[in-house]
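Residue-level listing of the chains:
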Amino acid sequence: MDEDNKVVADARESFGKGAARKLRASGKIPAVLYGHGTDPRHLALPAHQIGLIIRKANALLDLQIEGKSQLALVKDVQKDPVRQIIEHLDLIVVRKGEKVQVEVPVHLSGESYPGTIADLDAKTLLLEAEATHIPENVVVSIEGLEDGAQIHAKDVELPSGSTLLSDPETLVVLVHEPQKVDLGEEAAEAAAEAAAEEAPAEAEAESAE
């Protein structure tokens, strides 16, 4: 496991909005750790380090709580909608060798046939993977695919140790040619319509004079 994911967590004794504000002002983030039938634990985590770690999807943390190590998966991140500052984290307890369900981002590689567009219909796939070996992403090659080509979830090559939980028929990628719109014709029609509407108005104005 990545050494950078080792995080020293402090137990939180004070709660409420005021306490959370003070915590964030001191460079910490309030978090709750729960799961496996354990009582929820209220923690304070270093904000800068957490901000770097959670850039990756399904970040696994090696929490150091009172000298003991505890693996935890980031379940939910609450951010200030305006400033995008992390306000709170929900973490779940995981154990080595345990399987977890995770939404893994889909990345495209290569280029489809010239003149076509590849639409990514499913940006993530639900997988089951070992908690300590969660893939960062699933890579789908679209190299040379032609108009009409489709890739479904069942066609995607998964990383070793991962199992697909999404519907196998889920459309992941659709390759198609862009729709051709003749702007010249449309513009000419619009101009003709506008001229037809203006003509009676001009005639009325002249007769009024």
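Residues numbered from 1 in each chain as written. Predicted model: local features only at pLDDT ≥ 70, side-chain atom pairs only at ≥ 80, totals over all residues. Heavy atoms only, no water.

*Asks:* Even after reading the chapter, I still don't get the nonpolar core, so can you show me in this structure?
*Replies:* If you look at soluble globular proteins, the nonpolar side chains tend to sit buried side by side. In terms of nonpolar packing, the biggest core is built from 24 residues, with Leu73, Val94, Val100, Leu125, Val156, Val172 and Val173 touching the most fellow members. Of all elements in the fold, only strand E5 (68–79), strand E7 (99–109), strand E9 (124–130), strand E10 (138–141) and strand E13 (171–176) reach the threshold of two or more residues within this core. The element contributing the most residues to this core is E7, with four residues. Ignoring anything within four residues of it in the chain, the contact list for Leu125 reads Val102, Glu103, Val104, Val106, Ala153, Val156, Leu164, Ser166 and Val172. In terms of nonpolar packing, the next biggest core, distinct from the first, is built from 20 residues, Leu43, Leu45, Ile53 and Val74 among them. (Core = buried A, V, L, I, M, F, W, Y, C linked by side-chain atoms within 4.5 Å. Buried < 20%, exposed > 50% of the residue type's maximum accessible area, 1.4 Å probe, protein only. Helix = DSSP H or I, 4+ residues; strand = E, 2+ residues; numbered from the N terminus. Contact = heavy atoms within 4.5 Å.)

*Asks:* I'm lost on the pairing of E5 in this one. Help?
*Replies:* Across a regular strand the side chains alternate sides, sitting on one face of the sheet and then on the other. Examined bridge by bridge, strand E4 (residues 60–65) and E5 share six bridges and lie antiparallel to one another. The residue of E5 that forms the bridge with Leu63 is Gln70. Connecting E4 to the next strand, E5, in antiparallel fashion are two residues, including Glu66 with a positive phi near 50 degrees. With seven bridges connecting them, E5 and strand E6 (residues 86–93) associate as antiparallel partners. Looking across to E6, one finds that Leu73 is bridged to Ile92. Count of turn residues in the E5/E6 antiparallel hairpin: six residues, of which Gln84 carries a positive phi of about 60 degrees. (Pairing = 2+ DSSP bridges.)

*Asks:* Looking at this structure, I do not really get the pattern of salt bridges. What am I missing?
*Replies:* One side chain can pair with another of opposite charge once the charged atoms of both are near each other. Applying the stated criterion to the full structure yields three salt bridges. Linking Lys56 and Glu136 is a salt bridge whose minimum nitrogen-to-oxygen distance equals 3.7 Å. Here Glu136 lies in the loop between E9 and E10 and Lys56 lies in the loop between helix H2 (47–53) and E4, a separation of 80 residues in the sequence. Look at Lys56 and you get partly exposed, because its relative accessible area is 44%. (Salt bridge = Lys/Arg side-chain N within 4 Å of Asp/Glu carboxyl O.)

*Asks:* How should the environment of Ile29 be read in this particular structure?
*Replies:* Residue placement: Ile29 occurs in strand E2 (residues 28–35). The buried category is assigned to Ile29, whose relative accessible area is 2%. Put simply, Ile29 and His88 are 59 residues apart on the chain and 6.1 Å apart in space, counted from C-alpha to C-alpha. Ile29 has contacts with Leu23, Leu43, Ala44, Leu45, Ala47, Ile50, Ile86, Glu87, His88 and Leu89, leaving out every residue within four places of it along the chain.

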